[in-house]
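Spelled out, the chains give:
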Amino acid sequence: MALEKTKTFAFDSSQQEWVIFNNNSTVMSKHHTTEEGEEEEGDRLRVATFNILHNNNSYFREYFLQSDKRNNNMLKIITSLSADVICLNEVTISTLRLILLHPIIQDKYFISDIPDSDETTVNRFIHEKCRFGNILLSRLPFINSFSYSFVETTCRRKVAFGLFSKFNEDVLVGGLHITAYPLLSFFLSLLFVLICFVFQHKNFKHV
């Protein structure tokens with residue numbers, strides 16, 4: 001089990017590309033402005049989670065799943081949520097590229113990872129052996145971010161953690177994707193809760 005510091009990214013409209021984000025970044029000022037007609041959330045923190053179903057399918061399976069149509073509808077859904085943080089599961093490289101091209105995502109969200117090649121990403125939330133992983137989208141700027149691997153396997157499902165600030169308080173959000181096996185899911189969920197309990201006593205700003 002390993003805790004790893006990760007990079008986060010924001011879209012720089014002057015360069016027309018996603019760049020590494022830090023709290024002194026010039027791209028920060030253009031994010032998180034409320035447009036006319038957008039709902040103000042007041043004292044609420046809105047977090048959404050969405051397993052978007054990977055598109056690494058055989059031709060036969062893809063014929064029924066129609067990933068292109070699903071991904072277009074997925075983008076309509078996540079951009080209409082106005083969530084502070086969105087945790088996406090089963091994101092592939094091709095789907096991540098599609099997400100990064102969306103103008104609302106570029107204008108409103110920070111993201112926990114971007115492609116490094118056709119097979120992997122900068123923070124290895126998606127890599128050549130697993131081919132899909134967890135991604136965080138956030139309207140709140142990342143104070144810190146890291147990944148956590150439960151076990152050393154050929155396809156580690158890294159938890160994507162982000163530390164944010166709202167209402168003058170630090171908020172830790174983790175995106176977790178666990179197996180469908182009931183008993184193992186139960187124990188992994190307990191472990192996830194334990195990790196969050198232990199981590200909340202750490203100073204995440206300096207991890």
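Residues numbered from 1 in each chain as written. Predicted model: local features only at pLDDT ≥ 70, side-chain atom pairs only at ≥ 80, totals over all residues. Heavy atoms only, no water.

What follows concerns the pattern of salt bridges. Enumeration over the complete set of coordinates arrives at four salt bridges. Across the pair E4 and K158 runs a salt bridge, and its minimum N-O distance is 3.5 Å. Separated by 154 residues along the polypeptide, E4 in strand β1 (residues 2-5) and K158 in the loop between β8 (144-149) and β9 (159-166) bring together distant segments of the chain. Look at E4 and you get partly exposed, because its relative accessible area is 30%. Here K158 falls in the buried class, since its relative accessible area comes to 4%. (Salt bridge = Lys/Arg side-chain N within 4 Å of Asp/Glu carboxyl O. Helix = DSSP H or I, 4+ residues; strand = E, 2+ residues; numbered from the N terminus. Buried < 20%, exposed > 50% of the residue type's maximum accessible area, 1.4 Å probe, protein only.)

The grouping of L45, V47 and F167 at the surface amounts to a nonpolar patch, some 240 Å² of accessible area in total. Examined against the element boundaries, F167 turns out to sit in the loop between β9 and β10 (169-175). On the basis of relative accessible area, F167 is assigned to the partly exposed category, the value being 42%. (Patch = residues over 30% accessible without salt bridge, like charges linked within 9 Å, V, L, I, M, F, W, Y side chains within 5 Å. Areas by Shrake-Rupley, 256 points an atom, 1.4 Å probe, with all protein chains shown as cover.)

Once that is clear, we can look at the confidence of the model for the protein. Taken residue by residue, the protein gives an average pLDDT of 79. The fraction at 70 or more is 69%. Considering each helix and strand of the protein separately, the mean pLDDT is smallest for helix α5 (residues 182-199), with a value of 62, and largest for strand β6 (residues 110-111), with 96. Taken as a whole, residues 32-39 scores under 50 in pLDDT and shows 14 contacts with residues more than four places along the chain or in a different chain. (pLDDT = per-residue confidence, 0-100. Contact = heavy atoms within 4.5 Å.)

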